[in-house]
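Coordinate inspection notes
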Amino acid sequence: MIDIQEKLKEIGPYVEAADDDVLVCRCEEVTKGEIRQAVHAGMFTMEEIRRYLRSGMGLCQGQTCGKLVKGIVARELKVSPLEIEPATSRAPMRPTEMRIMAQDGGGANE
Amino acid sequence: MSKMTADVIIIGGGVNGCATAYYLAKQGITDVIVLEANKSVGHGGSSRNGGGVRQSGRDMRELPYAMYAVNNMWPTLSEELGVDVEYYQRGNLRLGKTDAHIAKLEGMASKSRELGLNMNVVDAKTVKEICPYLSDEVIGASWCPTDGHANPMLTTLAYYKRALEMGVRFFTDAKVKKLEKVKGKLRKVILESGEVFEGETIIVAAGYESRYIARTVGVDVPLFKYFEEALVTEMQPHMFDIMLGTADADFYGHQAQHGSFVFGSDSGLEDGIDMDIDELKTSSLTVSAGCRAIMGYIPLLANAKIVRTWGGWIDMCHDGVPVISKVDEVPGMILACGFTGHGFGTAPAVGLMLSQMVMGKETVVDISALSYDRFKSVR
């Protein structure tokens, strides 16, 4: 069980950092500062962060930035990155056109 | 740890639970605890839906508060919560390709008009004027200009964030095992991990799992679960802001503010899904069926790449509308479940009404028809 209010008190307020404008998620153009601020707004999981900021939700689906985001969230929460669960990966493995995806031999009744 | 008693305990950190917490805090009741079973707020259906803010096609028991939310709450929600929830009110087209489709849409539209909603069937030319990207096979559509869509993930998290700022206490990874009465009144919420919370009023808004929780105090709501899937495309040039559906119900969805399209669809084999409620696996059959359906109506999207698919459980109620009510046999309990896949668009109104029920006020619209004891034998 995680007491969000207590955890927010424990990690203290967001403090601006010199590298806050570094782009972490290149697909969706999310900066380190945005990720750090989201943690202080109560977004503690990779799932919440990506829903709030779209980090890891672009063309590469977080294959590039996933580990970086995890590291930033862990540092902000003052825990080991091992304690941060990775976000769920979803099909397809690579972006695939609708016209290709449509050819699975289904649609028998159409 | 902070204290484990509160005036109000909300079980379920979804959009309805978070909205209720926010509206309670807004009216001065900040001694509120929200318990979310998952590690993430909004893990369930609140983040796994098409984002429709829809009035058309609603049951007459729901339409009044769906309209209340559209008329009084959605237009100012982003400003109120301090997060852009990406609300677009540009209308909903439900497309038809055959005479049978049009007849079905005529039926829906006339029923909605009887209930006071502006909804009409329009011809192919008007459809093209509203949305020029559709297939020439479309011969008409129903049109509700006051429908729209919003971003469900942001909406849920915006309510959560604002409620947190106002002092509401949230606990995640806090799965409820059972409820317990004290001297005939509901009082205790006991977690799987053993912790005990106590509240004056306890709201159960936990999706399908509400059924398991309510049952521990002898209340069984007739729900069943249904798995729904969606696909997301890569960012596309801006095409339209309307919500789309079909008379055939083979897909629905919209282009998000970001540029990606989000479309829900099905394979027709959903009734046979046997998967644990903690599982959220998508099927390769559904995405392919969805692509065929979408390309049949929006041919231009044939080369759009799909970057993601997802799925989630819907808490289907036996008669298609939710249970939002106090329970005579369990004083102190309020049920809010069985939203049947269309609970997102009404969440602001439902959150407001739940807060009013807690405070003993009259709800903004009458929802007595959504009582838990409405289910009678049919034979």
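Residues numbered from 1 in each chain as written. Chains lettered and ligands numbered in written order. Predicted model: local features only at pLDDT ≥ 70, side-chain atom pairs only at ≥ 80, totals over all residues.

1. Concerning the overall build of chain B
Looking only at helices and strands, chain B features 9 helices and 18 strands. Relative to the 2.2 N^0.38 estimate, which gives 21 Å for 379 residues, the radius of gyration of chain B is 21 Å and therefore close to what a compact globule would have. Seen through its C-alpha atoms, chain B measures out along the principal axes to roughly 65 × 45 × 40 Å. Residue burial in chain B is summarised as follows: out of 379 residues, 56% are buried. Residue pairs in contact within chain B that sit at least 24 positions apart in sequence constitute 74% of those at least 6 positions apart. (Helix = DSSP H or I, 4+ residues; strand = E, 2+ residues; numbered from the N terminus. Rg over C-alpha atoms; globule rule 2.2 N^0.38 Å. Buried ≥ 20, exposed ≤ 12 C-beta atoms within 10 Å, placed from the backbone. Contact = placed C-beta atoms within 7 Å.)

2. So, the overall build of chain A
Across its full length, chain A holds 5 helices and 4 strands. The helix and strand sequence of chain A, counted from the amino end, reads β-α-β-β-α-α-α-β-α. A compact globule built from 110 residues should have a C-alpha radius of gyration of about 13 Å, whereas chain A, at 17 Å, is more than 25% larger. Counting only residues that meet the buried cut, chain A has 35% of its 110 residues in that class. Considering only residue pairs separated by 6 or more positions, chain A has 52% of its internal contacts joining residues 24 or more positions apart.

3. Some words on the environment of L35 of chain B
All names here are of chain B. Mapped onto the fold, L35 is located in strand β2 (residues 32-35). The spatial distance from the C-alpha of L35 to the C-alpha of V330 is 20 Å, given a sequence separation of 295 residues. Beyond its immediate stretch of four places on either side in the chain, L35 contacts I9, I11, F171, A174, V176, V189 and F197.

4. Details of the domain arrangement of chain B
All names here are of chain B. Split into domains, chain B comes out as domain 1 (5-69 + 152-222 + 319-370), domain 2 (92-145) and domain 3 (223-317). Facing the 23 residues of domain 1 at the interface are 19 residues of domain 3. Along the lines of polarity and charge, the residues of the side of domain 1 that touches domain 3 split into 8 nonpolar, 11 polar and 4 charged. (Domains from an automatic or database assignment. Nonpolar A, V, L, I, M, F, W, Y, C, P; charged D, E, K, R; others polar.)

5. What to know about unusual backbone geometry
Residue and element names in this part refer to chain A. Omega for the bond connecting A91 with P92 falls within 30 degrees of zero, at 0°, which places this linkage in the cis form. Structurally, P92 can be placed in the loop between α4 (66-77) and β4 (96-97). Even without a glycine there, the phi angle at R54 is positive, about 75°. Although it is not a glycine, Q61 sits at a positive phi angle of roughly 55°. Along the chain, Q61 falls in the loop between α3 (46-53) and α4.

6. Remarks on the interface of chain B and chain A
Every contact between the two is made by 44 residues of chain B and, on the other side, 31 residues of chain A. Elements represented by at least two residues in the side of chain B that touches chain A include exactly α6 (152-165), β8 (169-172), α8 (284-297) and β16 (305-317) of chain B. Considering each element in turn, the side of chain B that touches chain A owes the most residues, 9 residues, to α8 of chain B. Split by residue class, the side of chain B that touches chain A holds 23 nonpolar, 12 polar and 9 charged.

7. Side note on the packing of helix α2 (residues 32-40) of chain A against α3 of chain A
Residue and element names in this part refer to chain A. The geometry of α2 relative to α3 is characterised by a closest axis approach of 10 Å and an angle of 120° between their N-to-C directions. Taken as axis vectors, α2 and α3 run oblique relative to one another. Judged by the twist between their axes, the crossing of α2 over α3 is right-handed. Contact with α2, carried on its side by E34, I35 and A38, involves I49, Y52 and L53 of α3 and no other residues of that element. Partitioning the contact of α2 with α3 into residue classes produces 5 nonpolar, no polar and 1 charged. (Axes fitted to C-alpha atoms, helices over the stretch in contact; angles between N-to-C directions. Parallel < 35°, antiparallel > 145°, perpendicular 65-115°, else oblique. Left-handed = near helix turned anticlockwise from the far one by under 90°.)

8. What to know about the environment of E83 of chain A
All names here are of chain A. As for its position among the elements, E83 is in the loop between α4 and β4. Accessibility expressed as a C-beta count within 10 Å gives 10 for E83, which makes it exposed. A sequence separation of 45 residues divides E83 from A38, and the C-alpha atoms of the two residues are 18 Å apart.

9. Some details on α3 of chain A
The element α3 of chain A is largely enclosed, with a buried count of 8 among its 8 residues. Of the positions making up α3 of chain A, those classed as buried are M46, E47, E48, I49, R50, R51, Y52 and L53 of chain A. Turning to α3 of chain A, the residues buried within the fold contact β3 (30-31), α2 and α4 of chain A together with α6 of chain B. Positive phi shows up at R54 of chain A, right after α3 of chain A, with a value of about 75°.

10. So, the sheet that holds strand β6 (residues 140-144) of chain B
Within a sheet, neighbouring strands are paired by backbone hydrogen bonds and run either parallel or antiparallel to one another. Here 9 strands make up an open sheet; going across it, the order is β4(A)-β16(B)-β12(B)-β15(B)-β14(B)-β13(B)-β4(B)-β6(B)-β5(B) and the pairing mixed. The open sheet terminates on both sides in strands that have one partner only, identified here as β4 of chain A together with β5 (120-123) of chain B. Pairing between β4 of chain A and β16 of chain B: 2 bridges, direction antiparallel. Across the sheet, T96 of chain A pairs through a bridge with I306 of chain B, a residue of β16 of chain B. Relative to strand β15 (residues 261-265) of chain B, α8 of chain B is tilted by about 115°, and along the sheet it contacts β4 (92-96), β12 (223-233), β13 (243-246), β14 (251-255), β15 and β16 of chain B. (Pairing = 2+ DSSP bridges.)

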